[in-house]
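In case you want the letters, here they are:
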Amino acid sequence: MPKSERKSEPASPEPLFRLKRQERQERSDGDETFQRCLLLLLLVVALTFIIVPKGALTPTEFSPGDISPRDIKAPRDILVQDEDLSAQKRTEAGKAVANLYDYDPDTGSLIAGQVEQVLVALRSTHGPDVTEAQQIASLETGFGIKTSPKGFRALRELAARSDIKARVALVMTKIYRQKITGNLRLFEADRAKGVIYRSQNTQEEVADSDREEVIGLGELQDQLKKVVGETDLPDSQQKALLDLLLPLLRPNISFNQNETEARRQTAREEVKPVLIQVKKGEMIVREGDRITPDQIKRLDALHDESKIVSIWRNASGMLLSCFLLVYFAHNFARRNIRKYRPETRDLLFLATVFVSHILALKICIFISAALGSAFPYVEQNAYYYVFPVAVGTMLVRIVLNSEISLVFAILASIVTGSLFGNSFAIMVFVFMSSLAGAHWVRHVTERSSLFGAGLRLGLFNFVLIFALHLMTTRPFDLQLLYKLGFGFAGGLVAAVMVTGIVPLVESIFRYTTNIKLLELANMNNPVLRDLMIQAPGTYHHSIIVGNLAEAAAENIGVNPLMVRVAAYYHDIGKIKKPLYFIENIGGQENRHDKLAPSMSVLILMAHVKDGVEMARENRLGKALTDIIRQHHGTSMMKFFYDRAKIKADPVVEQINERDYRYPGPKPQTREAALIMLADVIEAASRTLSDPTPARIQGMVQKIINNIFIDGQLDECELTLKDIHNIAKSFNLVLGGIFHYRVDYPEPVSKERNGEKSLRSKDEDRDRKSSDQAKDQQNPSAKGNTEDLKRLGMS
């Protein structure tokens, strides 16, 4: 191809690939940010929903005689209503209302009018066609007056008098000048409480006077008889008039019960409740005291006021406080703590543990309230120390790391203190117990050792509770023994719960804990057995890589168990095509001799993808899967790249270096970088013809330098000091693997016959080996110095 045509070729697609990769990364970062913000919002809403109901979620409904679980002070000035005194005041106000009697001053006139109607009827019914019996019946039907024929005739005579109307009006006026009641005994009882007369004509109300005489109907009838008897009417007419008037008599005052009760109810409602002022900071009840009815009134008033006035304000405040606490704690730790790098999955796990922790404590609070009622001789707050408050932090430490567990312990202790009524003692206890629990599970390598951690935590709780008790003024009583015993039991309960929850966490969140790693390190694991049988060379290579990486991990402070197990599984993808890898060929023909370099590269690259798939199928966990994917980074297969360049015609075909690099990504963690270094160095060590310490050291430094210069360590957190320590560990382990041995002695007969010849040969060989070692040692030392200078280590 002419040079001019080659110059017109399109530019390399590498910038386009980088642009697309950058766009995908930005889109992924945006989705991750949204997920984290949504998770934060759900977390703070859940915490608010749990904490806000019933204030601090500690029981506020007490009965007289209950033992107070804590000191309760008034958080603000409150007014406590005295229900008994208020009810007494209302009753007195109701009783103070006078009985209302309606007074009708026209009662006498009305009766006189009714008599006039009867007399008019008697005059009108008189005629020749109407018999006397008919007239009597008509009188009874029309006016309800029953009379005999003799009395009827007397009434007729009375009706015939011209002055009868005036006489009747005079009689009624005379006897109705006073007030008449229907039941004098009841009236006298009401009169003792107070009576008001209301005129039905003017609605004017007048209070009763003790000097005013009130009579009953019986006395009114006697007065009527006396007044009628004093008239000059004949006896027959007097009797007829009495028979006519007596049935018509009625009281002129009557008790208005409805109006009286309405006025009394109004008076009761107008009475303001009697309030007792409780100042801010005033002690309502002390811890351990029996609660009195008066204290219950104050506690109920505090609870009612919070419920009515402050429920939404408290919810808003708790929501905002939780948001600020979690948000700024997370961001501060992410920017200032090197190992605090939680992923979205980790944050989901932390949020789940956090909410479960607070919810479990809430349930335990109500259980302790029930136990306090069932066993009154044990204070309710003593049961708080049996709660497994350290479970959440212990889980975080086992699953993640110490830095994240520290942040979790701080947040959990603050929120738990708020949950227990802003108790500082509970907050300190939760924080210290959580730190101790996390400390003792940091090196848990088997499930049974969790119980040892629980025992230590129980003893720590025992001492911590005693120390907190010394800070108070309370005596050394039986309640302290209960608290100490419950605190010790709380450590054991925490260990039992962690033992049961860890497998659940491993299954749900796909975490690989140290306990899980120990199970995977078992050489009888099906994956490792398949690797040993189908790819024995790879299996042996993985064991040596594990030894190298584990020694280096211990030297730089990385989890050695994780690194060793990752080394065992990093090449499991070679199980599918074991004979295409040189360590498994043995004396067989190398299959790559008949393949094009590009095809060989594809086959070799496939073992990473196959390994990732097998890791997922066998649920090795995300950490091991990521190491399998990253353990080659984007390194180049230089042997096949050089071979392709030799075979390719530079005029017809151009070899793209990118096609001969692993797809990556580069190692993101120190563990993955360790596996990469150990993998390459173990393979290269097999090529040493004379593995002297100087040669091993030179080889290690050269390979680490090449990997460093190639940029494979750019995205992990290995420092130059770490790289130097890794090189020292590799040299030490490889020196032990390729050590020299003394030849075993020959039989005596052979030793005598060949003693002289062997001595001469040994001298020549020692002299030759010494000269070679000196020749090799000088360039190695020089090369090592140059490598260290390039690494910035010398």
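Residues numbered from 1 in each chain as written. Predicted model: local features only at pLDDT ≥ 70, side-chain atom pairs only at ≥ 80, totals over all residues. Heavy atoms only, no water.

## Comments concerning the overall build of the protein chain
1) Next: Counting its secondary structure elements, the protein chain contains 31 helices and 10 strands.
2) Next: Long-range contacts, defined here as pairs at least 24 residues apart, represent 78% of the contacts in the protein chain between residues at least 6 apart.
3) Next: Taken as a whole, the protein chain presents about 43300 Å² of accessible surface, with 57% of it coming from carbon and sulfur. (Helix = DSSP H or I, 4+ residues; strand = E, 2+ residues; numbered from the N terminus. Contact = heavy atoms within 4.5 Å. Areas by Shrake-Rupley, 256 points an atom, 1.4 Å probe, with all protein chains shown as cover.)

## What to know about the packing of aromatic side chains
1) Next: By the definition in use, this model includes 18 aromatic pairs.
2) Next: On the numbers, 6.3 Å between centres and 45° between planes, the contact of Phe387 with Phe420 is tilted. Residue Phe387 is found in the loop between α14 (344-374) and α15 (391-399), and its partner Phe420 is found in the loop between α16 (402-419) and α17 (424-440); the two are separated by 33 residues along the sequence.
3) Next: Grouped by ring-pair contacts, the aromatic residues Tyr101, Phe187 and Phe255 constitute a single cluster. (Phe/Tyr/Trp six-rings, centres within 6.5 Å; stacked < 30°, edge-to-face > 60°.)

## Describing the pairing of strand β5 (residues 195-199)
Side-chain positions along a regular strand alternate between the two faces of the sheet.
1) Next: Extensive coverage of β5 is indicated by the burial of 4 of its 5 residues.
2) Next: Where strand β3 (residues 99-103) meets β5, 5 bridges bridge the pair, whose relative direction is parallel. Bridged to Tyr103 within β5 is Ser199.
3) Next: Across 3 bridges, β5 lies against strand β6 (residues 205-207) in antiparallel orientation. Within the sheet, the bridge partner assigned to Ile196 lies in β6 and is Ala207. (Buried < 20%, exposed > 50% of the residue type's maximum accessible area, 1.4 Å probe, protein only. Pairing = 2+ DSSP bridges.)

## Some words on the pairing of β3
1) Next: The buried fraction of β3 amounts to 5 of the 5 residues, a majority that puts the element mostly inside the structure.
2) Next: Side chains Asn99, Tyr101 and Tyr103 of β3 all project onto a buried face; the interleaved residues Leu100 and Asp102 project onto the opposite face, where all are buried too.
3) Next: Two elements, β3 and strand β8 (residues 253-255), share 3 bridges in a ladder whose sense is antiparallel. Looking at the pairing, Tyr101 lines up with Phe255 of β8.

## Some remarks on the packing of α16 against α17
1) Next: The geometry of α16 relative to α17 is characterised by a closest axis approach of 8 Å and an angle of 155° between their N-to-C directions. Our classification of the angle between α16 and α17 gives roughly antiparallel. The crossing of α16 and α17 is right-handed. Two secondary-structure elements touch here, α16 through Ser405, Leu406, Ala409, Ile410, Ala412, Ser413, Ile414, Thr416 and Gly417 and α17 through Ile426, Met427, Val430, Phe431, Ser434, Leu435 and Ala438.
2) Next: For the contact of α16 with α17, the class distribution of residues is 11 nonpolar, 5 polar and no charged. (Axes fitted to C-alpha atoms, helices over the stretch in contact; angles between N-to-C directions. Parallel < 35°, antiparallel > 145°, perpendicular 65-115°, else oblique. Left-handed = near helix turned anticlockwise from the far one by under 90°. Nonpolar A, V, L, I, M, F, W, Y, C, P; charged D, E, K, R; others polar.)

## Topic: the pattern of salt bridges
1) Next: The final tally for this structure, using the stated rule, is 23 salt bridges.
2) Next: Between Arg263 and Glu259 there is a salt bridge whose closest N-O contact spans 3.1 Å. Highlighted residues: Arg263 and Glu259, both in helix α11 (residues 257-270), separated by 4 residues, approximately one helical turn.
3) Next: Overall, Arg263 belongs to the partly exposed group, its relative accessible area being 24%.
4) Next: Overall, Glu259 belongs to the partly exposed group, its relative accessible area being 27%.
5) Next: Overlapping salt bridges, with partners in common, bring together Glu343, Lys622, Asp626 and Arg629 in one network. (Salt bridge = Lys/Arg side-chain N within 4 Å of Asp/Glu carboxyl O.)

## Topic: the confidence of the model for the protein chain
1) Next: Model confidence for the protein chain is summarised by a mean pLDDT of 82, while 85% of its residues fall at 70 or above.
2) Next: Throughout residues 55-59 the model reports pLDDT below 50, and contacts reaching past four residues in sequence, or to other chains, amount to 20 contacts.
3) Next: Between residues 754-794, whose pLDDT stays under 50, and residues either more than four places distant or in other chains, the model counts 30 contacts. (pLDDT = per-residue confidence, 0-100.)

## Focus on the sheet that holds β5
1) Next: Strand order in the open sheet formed by 4 strands is β6-β5-β3-β8, with mixed pairing between adjacent strands. Whereas interior strands pair on both sides, the edge strands pair on one side only; in this sheet they are β6 and β8. Ignoring strand direction, the axes of neighbouring strands in this sheet form an average angle of 30°.
2) Next: In this fold helix α8 (residues 184-193) packs onto β3, β5 and β8, with an angle of close to 125° to the strand it touches most, β3.
3) Next: Here α11 sits on the sheet in contact with β3, β5, β6 and β8, set at roughly 145° to β3.

## Looking at the packing of helix α28 (residues 693-709) against helix α29 (residues 720-737)
1) Next: The interhelical angle for the contact between α28 and α29, taken along N-to-C directions, is 145°, at an axis separation of 10 Å. You can see that α28 and α29 cross each other, and the crossing is right-handed. Residues Ile696, Gln697, Met699, Val700, Gln701, Ile704 and Phe708 of α28 form the contact with α29, whose participating residues are Leu720, Ile723, Ala727, Phe730, Asn731, Leu734 and Gly735.
2) Next: Tallied by class, the residues present in the contact of α28 with α29 amount to 10 nonpolar, 4 polar and no charged.

## Observations regarding the side chain of Thr107
1) Next: Within the secondary structure, Thr107 sits in helix α4 (residues 107-124).
2) Next: The class for Thr107 is buried, based on a relative accessible area of 1%.
3) Next: At 2.9 Å, the side chain of Thr107 and the backbone oxygen of Asp104 are in polar contact.
4) Next: In contact with Thr107, not counting residues within four places along its chain, are Tyr176, Arg250, Pro251 and Asn252. (Polar contact = N/O pair within 3.5 Å; in protein donor to acceptor, adjacent residues only side chain to side chain.)

## Some words on unusual backbone geometry
1) Next: Across the junction of Gly664 and Pro665, the peptide omega takes the value 5°, indicating a cis bond.
2) Next: Summarising the element assignment, Pro665 is placed in the loop between α26 (638-647) and α27 (670-685).
3) Next: Unusually for a residue other than glycine, Arg619 sits at a positive phi of about 55°.
4) Next: On the secondary structure map, Arg619 appears in the loop between α24 (597-617) and α25 (622-630).
5) Next: Taking relative accessible area as the criterion, Arg619 reaches 54% and is therefore assigned exposed.

## What to know about a nonpolar patch on the surface
1) Next: A contiguous nonpolar surface patch, about 550 Å² in accessible area, is contributed by Phe34, Leu38, Leu41, Leu42, Val45 and Leu319.
2) Next: Looking at the nonpolar patch, the element that brings in the most residues is helix α2 (residues 14-51), giving 5 residues.
3) Next: Inspection of the secondary structure assignment puts Leu319 in helix α13 (residues 311-336).
4) Next: With relative accessibility at 31%, the residue Leu319 sits in the partly exposed group. (Patch = residues over 30% accessible without salt bridge, like charges linked within 9 Å, V, L, I, M, F, W, Y side chains within 5 Å.)

## Overview of the environment of Ile276
1) Next: Summarising the element assignment, Ile276 is placed in strand β9 (residues 275-278).
2) Next: The spatial distance from the C-alpha of Ile276 to the C-alpha of Leu79 is 5.5 Å, given a sequence separation of 197 residues.
3) Next: Not counting chain neighbours up to four residues away, the residues in contact with Ile276 comprise Ile78, Leu79, Val80, Asp82 and Arg298.

## What to know about the side chain of Asn461
1) Next: Within the secondary structure, Asn461 is located in helix α18 (residues 449-470).
2) Next: A relative accessible area of 2% means that Asn461 is categorised as buried.
3) Next: Leaving out residues up to four positions away in the same chain, Asn461 has contacts with Phe429, Ser433, Gly487, Gly490 and Gly491.

## Quick notes on the environment of Ser448
1) Next: Among the structural elements, Ser448 can be located in the loop between α17 and α18.
2) Next: Judged by relative accessible area, Ser448 falls into the partly exposed class, the value being 47%.
3) Next: The sequence separation of Ser448 and Thr499 amounts to 51 residues, and the corresponding C-alpha distance is 8.4 Å.

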